[in-house]
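What the coordinates show
Here is how the chains run, residue by residue.
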Amino acid sequence: MKVGNYFLPLPRNFLIYARNFMKENKISGSEALLKTLVAEGVDTIFGYPGGQAIPIYDSLYDYKDKVRHVLVRHEQGATHAAQGYARVSGKVGVVIVTSGPGATNTITGIADAMIDSTPIVVITGQVASSMLGTDAFQEVDMIGIALPITKWAYQVRKAEEIAWAISRAFYIASSGRPGPVLIDLAKDAQVGLVDYVYEPVRHVRSYDPAPEINPEQIAAAAALINGAQRPFALVGQGVILGNAEKELQAFLEKADIPFGSTMLGLSALPSDHRLNKGLLGMHGNIGPNRKTNECDVLIAVGMRFDDRVTGDLNAYAPQAKIIHFDIDVSEIGKNVPVDVPVPGNAKKTLAAVTQQLQPTRHDGWIASFDADEQEETAKVISREVYPSEGPLRMGEVVRKVSEATGNDAVLVTDVGQNQMMGVRYFRFKHTRSCVTSGGLGTMGYALPAAIGAKIGAPERTVCAFVGDGGFQMTLQELGTIMQEKLNLKIILLNNDFLGMVRQWQELFWDERYSFTKMQNPDFTAIAKAYGIAANDIRRREDLDGAIREMLDHDGAYLLVAHVEHEGMVYPMVPAGKSLNDMIIE
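Report on the accompanying structure. (Residues numbered from 1 in each chain as written. Predicted model: local features only at pLDDT ≥ 70, side-chain atom pairs only at ≥ 80, totals over all residues. Heavy atoms only, no water.)

Observations concerning the sheet that holds strand β13 (residues 276-279)
As summarised here, the arrangement of the 6 strands in space is β13-β12-β11-β14-β15-β16, forming an open sheet in which the pairing is parallel. Pairing within the sheet leaves two strands with one partner each, and these edge strands are β13 and β16 (340-343). This sheet shows a mean twist of 15° between the axes of neighbouring strands, independent of strand direction. In terms of strand pairing, strand β12 (residues 259-261) meets β13 through 2 bridges, oriented parallel. The residue of β13 that forms the bridge with Ser-261 is Leu-279. (Pairing = 2+ DSSP bridges. Helix = DSSP H or I, 4+ residues; strand = E, 2+ residues; numbered from the N terminus. Axes fitted to C-alpha atoms, helices over the stretch in contact; angles between N-to-C directions.)

Rendered as structure tokens:
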């Protein structure tokens, strides 16, 4: 206030009155953001504050009773936690970070979410719009970086755009084939005042998330299946993402079709279902891989024919007619020629085909898997899961943990041998029970993803299997577990090697173990420094008791199992080879 040539400070109560008056009429962009997140059903945010996100965090202070904020220890951890949350809950995972390095630290998680079709919305702070392009402190072109690895990336420069952009982000992330969306919020958009209006986005011009069902394609698929003598189905994550588990079960059971699962498709149906023949691909089970090249009709449901599943494309199922169910039309025919494409949501397309199927039995064909299962048990599983001597093996630790939980836990794995052993030997009763990094293969994924999985499904036991390499990439998230008081069970399969790289060096690089042996710290001491209970075992006779102690403990627990140093994951289809070229032992 000016008096003569002097400026006098305004009374504090006047400033409060003015601020309240403005609030009654308008709200800040950052508050509009929080209101919209709540309107979109968000109950959890994984994030890390910073300079260009302070207005958002200031508004978040008033929303603590509506939204849980999980303070991670690294922004990459926020994205993986959001992925784990999304994968088990079926909701959209949400991340909020600041600009510059805070934003760029999310890139690995965003890329991982893109290739694995995981719905997350990443909100990054940004410098004021007037400073864009000036190389201001912590300015990074996040839109330019994120465009190739997101379904949509958009920069908001005006507060008026926030509600629209956030609602649109959630619609795009969660519809059709899910995936990540990035919203970059300029500082002036966060602090600007706006008349708040929320209108949920349920349609975007030129964006067709789910193709319409084509009756001719449905009929053609049904006819091909009805005439099949040796049908075989490949079940991918698209079944889970489309909530089509019941439709899949009805489809398979009516036509008596055995199936194998991709790594991300595991848990769509229970492990003990009579038609479930196990895991497909490079380290998959013998039966599903061999029968892929013996079936007469191959039915792919919600999977993308990844190279780790197909091996040499020139030798992949050359004898079979191929049907491909997928919501993403760009995937149909991309890698493998298809005889009958069935685009659309699997929940609808499977049901439509099932109506036209004839009830059938394929007893002889299904029984032919028995010989493969017996061979694998004799040559691989008996040695890996039921050893009688020698050091602990990864497979036996995984199977004993699974059995101790009643095969009813959520499995979260890192990447490497621990991942392959985890998905091979863990067992599932319920859908959305397998959380792992598929297409990108991100080491360090498991610990933060397990945090998100536990928050997304707090009533379930979550078991995170990690290796000594990947664990050390994100072990700072033990701090998040400590602060959030999460009852997580972490099993470290410690072989003192980067085990999967070492396996490849042994098999294909003349045993030249170049920089794969690791000198590791006392992991139990690190866990205890974070207030997390821990145990360290080396002997087989201690394993059952240690697992029971871990599961009975009320709180987070790290079990370090020292396993065989130079163990191998078999079977293995060498990269670029045919599925018939499996190395079994």
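Next, the rest of the story.
Details of the packing of aromatic side chains
The relation between two aromatic rings is expressed through the spacing of the ring centres and the mutual angle of the planes. Considering all chains together, one arrives at 14 aromatic pairs under this definition. Ring centres 5.9 Å apart and planes at 80° place the aromatic pair Phe-305 and Tyr-316 in the edge-to-face group. On the criterion of sequence distance, the pair formed by Phe-305 in the loop between β14 (297-301) and α14 (307-310) and Tyr-316 in the loop between α14 and β15 (321-326) is long-range, its members being 11 residues apart. Judged by relative accessible area, Phe-305 falls into the buried class, the value being 2%. Note on Tyr-316: relative accessible area 6%, which makes it buried. Taken together, Trp-152, Tyr-154 and Trp-164 form an aromatic cluster joined through their ring pairs. It is Lys-64 that lies over the ring of Tyr-61; its NZ or CZ is 3.9 Å from the centre. The ring of Phe-369 carries Lys-291 above its face, with NZ or CZ at 5.6 Å from the centroid. (Phe/Tyr/Trp six-rings, centres within 6.5 Å; stacked < 30°, edge-to-face > 60°. Buried < 20%, exposed > 50% of the residue type's maximum accessible area, 1.4 Å probe, protein only. Lys NZ or Arg CZ within 6 Å of the ring centre and 35° of its normal.)

Description of the nonpolar core
If you look at soluble globular proteins, the nonpolar side chains tend to sit buried side by side. In terms of nonpolar packing, the biggest core is built from 61 residues, with Leu-234, Leu-298, Val-397, Val-401, Phe-465 and Leu-493 touching the most fellow members. Considering each element in turn, this core owes the most residues, 5 residues, to helix α25 (residues 543-552). The residues touching Leu-298, leaving out its near neighbours within four places in the chain, are Phe-232, Leu-234, Thr-292, Tyr-316, Ala-317, Ala-320, Lys-321, Ile-322 and Ile-323. If you look at the next biggest cluster of nonpolar residues, it comprises 53 residues, including Val-72, Ile-110, Val-466 and Phe-523. (Core = buried A, V, L, I, M, F, W, Y, C linked by side-chain atoms within 4.5 Å. Contact = heavy atoms within 4.5 Å.)

Concerning the packing of helix α4 (residues 75-89) against helix α6 (residues 107-115)
Interhelical geometry of α4 versus α6 gives an angle of 25° and a closest axis separation of 7 Å. Relative to α6, α4 is oriented roughly parallel. Every residue of α6 that contacts α4 at Gln-76, Thr-79, His-80 and Gln-83 is listed here: Thr-108, Gly-109, Asp-112 and Ala-113. For the contact of α4 with α6, the per-class residue count stands at 1 nonpolar, 6 polar and 1 charged. (Parallel < 35°, antiparallel > 145°, perpendicular 65-115°, else oblique. Nonpolar A, V, L, I, M, F, W, Y, C, P; charged D, E, K, R; others polar.)

Quick look at the pairing of β15
Counting buried residues along β15, 5 of its 6 residues qualify, which places the element largely inside the surrounding structure. Where β14 lies against β15, 5 bridges are found, and the strand directions are parallel. Bridge pairing links Val-297 to Lys-321 in β15. For β15 and β16, the ladder comprises 4 bridges, and the chain directions are parallel. When the sheet's bridge partners are listed, Phe-325 is paired in β16 with Val-342.

Notes on the side chain of Lys-454
Summarising the element assignment, Lys-454 is placed in helix α20 (residues 446-456). Among buried Asp, Glu, Lys and Arg side chains, Lys-454 stands out as unpaired, with Glu-459 the closest opposite charge at 7.3 Å. In this structure, Lys-454 is in contact with Arg-460, Thr-461, Val-462, Leu-486, Asn-487 and Leu-488, ignoring residues within four places of it in sequence. (Lys, Arg positive; Asp, Glu negative; His and termini not counted. Salt bridge = Lys/Arg side-chain N within 4 Å of Asp/Glu carboxyl O.)

Observations regarding the environment of Asn-214
Within the element layout of this structure, Asn-214 appears in the loop between β10 (193-194) and α10 (215-226). Using a relative accessible area of 29% as the deciding quantity, one classes Asn-214 as partly exposed. Between the alpha carbons of Asn-214 and Asp-58 there is a distance of 51 Å; along the sequence they are 156 residues apart. At 2.9 Å, the side chain of Asn-214 forms a polar contact with the backbone nitrogen of Glu-216. (Polar contact = N/O pair within 3.5 Å; in protein donor to acceptor, adjacent residues only side chain to side chain.)

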